[in-house]
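Structural description and commentary
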Amino acid sequence: NGTIPPQLGNLSFLMSLDMSRNNFYGELPHELICLRRLRVLGLGINMLSGSIPSWVGSFRQLQHFSLENNSFTGFIPPSISNMSKLETLNLQFNSLQGAIPMEIGNLNKLKYLEMSRNQLSGSLPSEMFNISTSEIIAFQGNSLSGSLPSSICSRLRGLSRLDLSSNELSGIIPASLSKCSKLRVLQLSYNNFSGVMP
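Residues numbered from 1 in each chain as written. Predicted model: local features only at pLDDT ≥ 70, side-chain atom pairs only at ≥ 80, totals over all residues. Heavy atoms only, no water.

Some remarks on the overall build of the chain
Across its full length, the chain carries zero helices and 16 strands. The globule rule puts the C-alpha radius of gyration for 198 residues at 16 Å, and the 17 Å found for the chain is close to it. Overall, the chain is about 55 × 25 × 25 Å in size when its C-alpha atoms are taken along their principal axes. Residues counted as buried form 47% of the 198 residues belonging to the chain. Counting only contacts in the chain whose residues sit at least 6 apart along the sequence, the fraction spanning at least 24 positions is 50%. (Helix = DSSP H or I, 4+ residues; strand = E, 2+ residues; numbered from the N terminus. Rg over C-alpha atoms; globule rule 2.2 N^0.38 Å. Buried < 20%, exposed > 50% of the residue type's maximum accessible area, 1.4 Å probe, protein only. Contact = heavy atoms within 4.5 Å.)

Considerations on the environment of G98
Along the polypeptide, G98 turns up in strand 8 (residues 97–98). Remark: the alpha-carbon pair of G98 and F75, spanning 23 residues in sequence, is separated by 5.7 Å. Residue contacts for G98: discarding those within four places in its chain leaves F75, Q119, L120 and S121.

Concerning unusual backbone geometry
Within the chain, R21 stands out as a residue other than glycine whose phi angle is a positive 60°. In the Ramachandran plot, N69 falls in the positive-phi region, its phi being about 55° despite a non-glycine side chain. Here N69 falls in the partly exposed class, since its relative accessible area comes to 31%.

What about the side chain of S79?
Inspection of the secondary structure puts S79 in the loop between strand 6 (71–73) and strand 7 (88–90). With near-sequence residues (within four places) excluded, S79 lies in contact with S54, V56 and G57.

Brief notes about the side chain of S116
Of note, S116 is situated in the loop between strand 9 (112–114) and strand 10 (119–122). From its side chain, S116 meets the backbone nitrogen of Q140 in a polar contact 3.1 Å long. (Polar contact = N/O pair within 3.5 Å; in protein donor to acceptor, adjacent residues only side chain to side chain.)

Examining the sheet that holds strand 3 (residues 40–42)
Spatially, the eight strands line up as an open sheet ordered 1-3-5-7-9-11-13-15, and their pairing is parallel. Unpaired on one side and paired on the other, strand 1 (16–18) and strand 15 (185–187) mark the two borders of the sheet. Each adjacent strand pair in this sheet contributes to an overall mean axis angle of 10°, direction not counted. In terms of strand pairing, strand 5 (residues 64–66) meets strand 7 through three bridges, oriented parallel. From the neighbouring strand, S66 faces strand 7, where its bridge partner is N90. (Pairing = 2+ DSSP bridges. Axes fitted to C-alpha atoms, helices over the stretch in contact; angles between N-to-C directions.)

Description of the state of the cysteines
Within this structure, the stated rule accounts for one disulfide. Across the disulfide from C153 sits C180; the S-S distance is 1.8 Å. On the sign convention where negative means left-handed, the S-S torsion of about -95° between C153 and C180 marks this disulfide as left-handed. Pair noted here: C153 is in the loop between strand 12 (143–146) and strand 13 (161–163) and C180 is in the loop between strand 14 (168–171) and strand 15, with a separation of 27 residues, a long-range link. Per residue, the accessibility class of C153 equals that of C180, and both read buried. (Disulfide = S-S within 2.5 Å.)

Details of the nonpolar core
Among soluble globular proteins, nonpolar side chains are generally buried collectively. With 54 residues, the main nonpolar core has F59, F65, L89, M115, L124 and F139 as its most contacted residues. In this structure, F139 is in contact with I100, L113, M115, S116, L120, L124, M128, L144, D163, L164, S165 and N167, ignoring residues within four places of it in sequence. (Core = buried A, V, L, I, M, F, W, Y, C linked by side-chain atoms within 4.5 Å.)

Quick notes on the pairing of strand 14
For a regular strand, side-chain orientation follows a simple rule: the groups alternate between the two sheet faces. The pairing of strand 12 with strand 14 spans two bridges and is parallel. Along strand 14, the bridge assignment pairs S145 with E168.

Quick notes on the packing of aromatic side chains
A full pass over the atoms with the stated rule returns one aromatic pair. Judged by centre distance (6.1 Å) and plane angle (90°), the rings of W55 and F59 are edge-to-face. We note that W55, like F59, is buried. Between R37 and the ring centre of F13, over which it is positioned, the NZ or CZ distance is 4.3 Å. (Phe/Tyr/Trp six-rings, centres within 6.5 Å; stacked < 30°, edge-to-face > 60°. Lys NZ or Arg CZ within 6 Å of the ring centre and 35° of its normal.)

Structural notes on the pattern of salt bridges
As enumerated under the stated definition, the model contains two salt bridges in all. For E114, the salt bridge is made with R161, and the minimal N-O distance between the two is 3.7 Å. Linking E114 in strand 9 with R161 in strand 13, this pair joins segments that are 47 residues apart in sequence. Relative accessible area serves as the criterion here: at 23%, R161 is assigned to the partly exposed category. In this structure, D163 engages R161 in a salt bridge whose closest nitrogen and oxygen atoms are separated by 3.7 Å. A relative accessible area of 1% means that D163 is categorised as buried. Within this structure, E114, R161 and D163 form a network of salt bridges that share partners. (Salt bridge = Lys/Arg side-chain N within 4 Å of Asp/Glu carboxyl O.)

The structure is reproduced here in structure tokens:
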């Protein structure tokens, strides 16, 4: 337990840092910015707090980034889009708020996007549905509003799970969902959708 020691920033050749499932608390030390070779950063299931710092965008080699089950607040920094090699982004079960940054659409290698159980609001950025590598998109239990893009699945041919349940989404369910031919789980419950079932 305790806080994350800033001295970890001295391990400049570190490629993987996994400290998940502990009792760490406090904020992320700025010294971690020195770990430019990181490919894996796992800090999930702790008691970390504060905001997600914008300097996380410095991790340009990062492939897996997980901060799930903590107490992070504030906004998702648009600088996340600088992590161009990211495949997994897991921020579920925090208290993040505000809009989903449209810059997430620049993560063209992203496979796993999990942001369920936060306090996110606003609409779903259409750029997010242009990531052709996506396999899982989950935003369950937020306060997202607006409608689904009419061409939601035109580029998501490999999507296997889409969970947008327990939000405030409205409008019709697009017929283009049929283009997600590998979809195995579709969760749209507890929203305000209307119209006919395509």
